[in-house]
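Residue-level structure breakdown
What follows is the residue order along each chain.
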Amino acid sequence: MPVERSLLMIPGPVEISPAVLAATSIPPPSHLAADFMERFGRALERMRAVWRADEAAQPYILAGSGTLAMDMAVANVVDPGERVVVVNTGYFSDRVAEMLRRRGADVVEVGAAPGSVPALSDVAAALPGARALFATHVDTSTGVRVDARALAGAAREAGALSVFDGVCATAAERFEMGAWGADVYLTASQKAIGLPAGLALLVASERALAARDALSTPPPLSVDWHAWTPIMRAYAERRPSYFATPATTLVPALDVGLGELLAEGMEAVFARHQRVGDGIRAAWATLGLELLPESGWAANALSAVRYPAGVGPELLGEISARGVICAGGLHPALKTAYFRVGHMGYATTRPEWLARAVRAVSEALAACGHRADVEGAVAALERSLEG
Ligand SMILES: *Cc1c(COP(=O)(O)O)cnc(C)c1O
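Our subject in this report is the structure included herewith. (Residues numbered from 1 in each chain as written. Predicted model: local features only at pLDDT ≥ 70, side-chain atom pairs only at ≥ 80, totals over all residues. Heavy atoms only, no water.)

1. A short note on the overall build of the chain
In terms of regular secondary structure, the chain is built from 14 helices and 14 strands. In terms of overall dimensions, the chain has C-alpha extents of about 60 × 50 × 35 Å along its principal axes. Within the chain, the fraction of its 387 residues that count as buried is 58%. Of the roughly 14600 Å² of accessible surface on the chain, 53% is carried by carbon and sulfur atoms. Where the 34 positive side-chain charges of the chain centre and where its 41 negative ones centre are 2 Å apart. (Helix = DSSP H or I, 4+ residues; strand = E, 2+ residues; numbered from the N terminus. Buried < 20%, exposed > 50% of the residue type's maximum accessible area, 1.4 Å probe, protein only. Areas by Shrake-Rupley, 256 points an atom, 1.4 Å probe, with all protein chains shown as cover. Lys, Arg positive; Asp, Glu negative; His and termini not counted. Charge placed at Lys NZ, Arg CZ, Asp CG, Glu CD.)

Set out below in structure tokens:
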């Protein structure tokens, strides 16, 4: 008898839609095939729409991880010696700060305790004279979402560029690149965008592109916008071009995935993640669980949940024994104090999967000795989703 596959509810990679799965199941296309160029060009147009970016903004699709997209952003907007401000909300903010130090930047970190967000006034006070502000839209290690709109506004006011790591946020949390005046918004395919891992996705504003033009120290060739922009423009015009081979199996799937998001409409996509985030949080509350993020800062894309008294990382094994995969803690200071459940992308269209995840966590808590109202938690989720 076939064993039912475990449900993947970690903060990436995530479950993908049947249409995206089907799109990846093709013989490998040439990067110069007419149909591939059409798919690539359309995916670029669709990225601009999903990112809510201006016509002048330049999307990039590269084979790679979110980390590659982060390095690309760092190396194209910052010169060695320039001052940058990092809004530090956890593990991935630490990572971009390290990348910026390696680039030779003068890095000023404005941080907060894990689960919290630094005050906007503290960020604004650090900005004068900075080339750019870097922030993690949703820090996957803490489940905290920053106020990207306010940060982008503060950066504009100070004459600094703003760069947002949206790897755990893009297409789950509201982001309006054009209207908010943000300069770089980047992600990876395996998170809320809803694809398998393998694509680094980034959109740069006109101002960000001008910053690359003005650099005195060029970026590594493999991530240089000067190398990639002509390739993206060629695909936009459905013309053959080559710099480094794109992920030809994943780009058509990206076209399909972005098409699904746009057919639903970004407002509806953001509302769906809000509804699911509210429902999942209602279930955690019923179980007596506390979130790591302070009130008001919890992201919709995932939950970072503190282990209740007497329960620890052994909970994860109990959850996976019930056919659901969740993730442990990631923040170095708190690793064994909390666990994480992803609720982004296609899984948020499947209420029965969400209920299965809540049931698995609830039963696992009970197995670990925590008093858990399993049926109450599932009912709280379902009531909230219907409400
Ligand atoms: C996952 C993640 C990354 C890193 O992406 P990779 O594809 O693993 O390199 C960066 N930033 C955030 C916020 C993430 O969630």
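2. Notes on empty space enclosed by the protein
The probe, sized like a water molecule, is rolled over the atoms to show the empty space still left. Taken as a whole and assessed by the stated rule, the structure comprises two cavities of 30 Å³ or more. Around the largest cavity sit Met70, Ala73, Val96, Phe134, Ala135, Val163, Phe164, Asp165 and Leu186, which together line it. By residue number, the principal contributor to the lining of the largest cavity is strand S8 (residues 161–165), which donates three residues. Grouping the amino acids of the lining of the largest cavity by side-chain chemistry returns eight nonpolar, no polar and one charged. Its boundaries defined by the atoms lining it, the second largest cavity holds a volume of some 30 Å³. (1 Å grid on protein atoms, 1.4 Å probe; cavity = no way out; pocket = protein on both sides within 12 Å on 5 of 7 lines; lining within 4 Å. Points joined across faces, edges and corners; volume = space filled by probe spheres on them. Nonpolar A, V, L, I, M, F, W, Y, C, P; charged D, E, K, R; others polar.)

3. A look at the sheet that holds strand S9 (residues 184–188)
Across the sheet, seven strands lie side by side as S2-S10-S9-S8-S5-S3-S4; this open sheet has mixed pairing. Pairing within the sheet leaves two strands with one partner each, and these edge strands are strand S2 (58–63) and strand S4 (106–111). Sheet twist, expressed as the mean angle between neighbouring strand axes with direction ignored, is 15°. Contacting S2, strand S5 (132–136), S8, S9 and strand S10 (199–204), helix H3 (residues 66–77) crosses the sheet at an angle of about 160° to S9. (Pairing = 2+ DSSP bridges. Axes fitted to C-alpha atoms, helices over the stretch in contact; angles between N-to-C directions. Contact = heavy atoms within 4.5 Å.)

4. A few points about helix H9 (residues 225–236)
Over its twelve residues, H9 extends 15 Å from the first C-alpha to the last, a length consistent with the 16 Å expected when each residue adds 1.5 Å. Along H9, the residues that are buried comprise Trp225, Ala227, Trp228, Thr229, Ile231, Met232, Ala234 and Tyr235. For H9, the elements touching its buried residues are helix H2 (34–51), S2, H3, S9, S10 and helix H8 (206–213). Taking the backbone nitrogen of His226 as reference, a side-chain oxygen 2.9 Å away marks Asp224 as the first, capping residue of H9. Note on H9: the residue one or two positions beyond its end, Arg238, has a positive phi of about 60°. (Expected span 1.5 Å × (residues − 1). Polar contact = N/O pair within 3.5 Å; in protein donor to acceptor, adjacent residues only side chain to side chain.)

5. Side note on the site of the ligand
Near the ligand you find 14 residues, and of these Gly66, Thr67, Thr140, Asp165 and Lys191 are the closest. In this structure, an oxygen atom belonging to the ligand sits 2.8 Å away from a main-chain N or O atom of Gly66. In this structure, Gln190 approaches the ligand through a side-chain N or O atom, which is 2.8 Å from an oxygen atom. Contact with the protein chains removes 88% of the 380 Å² of surface that the ligand exposes when unbound. (Near = heavy atom within 4 Å.)

6. Examining the nonpolar core
Counting 103 residues, the largest nonpolar core has Trp51, Tyr60, Ile61, Val77, Phe134, Phe164 and Trp225 as its most contacted members. A per-element tally of this core places H2 first, with eight residues. Once you skip the residues sitting within four places of it in the chain, Val77 turns out to touch Glu82, Arg131, Phe134, Leu161, Val163, Val184, Ala208, Ala211, Leu215 and Trp225. One finds Met9, Ile319, Val341 and Cys368 within the second-largest nonpolar core, a separate group that totals 33 residues. (Core = buried A, V, L, I, M, F, W, Y, C linked by side-chain atoms within 4.5 Å.)

7. Let's talk about the pairing of S8
With respect to burial, S8 is a largely interior element, five of its five residues being buried. Residues of S8 alternate between two faces, with Leu161, Val163 and Asp165 on one and Ser162 and Phe164 on the opposite face, all of them buried. Both S8 and S9 contribute to a ladder of three bridges, which runs parallel. Bridging across to S9, Asp165 finds its partner in Leu186.

8. Considerations on the packing of aromatic side chains
Per the counting criterion, the structure on display carries twelve aromatic pairs. Ring geometry for Phe40 and Tyr235: centres 3.9 Å apart, planes at 0°, overall stacked. A residue pair is termed long-range when its members are at least 10 positions apart, and Phe40 in helix H2 and Tyr235 in helix H9 qualify at 195 residues. The class for Phe40 is buried, based on a relative accessible area of 1%. Take Tyr235: its relative accessible area is 1%, and that puts it in the buried class. Centre to centre, the rings of Tyr346 and Trp353 are 5.6 Å apart; their planes meet at 80°, and the pair counts as edge-to-face. As far as the burial class goes, Tyr346 and Trp353 line up, both buried. By way of ring pairs, the aromatic residues Trp51, Phe164, Phe175, Trp180 and Tyr185 are connected into one cluster. (Phe/Tyr/Trp six-rings, centres within 6.5 Å; stacked < 30°, edge-to-face > 60°.)

9. A short note on the state of the cysteines
Taken as a whole and assessed by the stated rule, the structure comprises zero disulfides. Just so you know, Cys368 is unpaired, no disulfide at all, and the nearest cysteine sulfur is the one on Cys326, 12 Å from it. (Disulfide = S-S within 2.5 Å.)

10. A few points about the pairing of S2
With respect to burial, S2 is a largely interior element, five of its six residues being buried. Bridge count between S2 and S10: six bridges; the pairing is antiparallel. Residue pairing in the sheet places Ile61 in a bridge with Leu201 of S10.

By themselves these figures say nothing about function.
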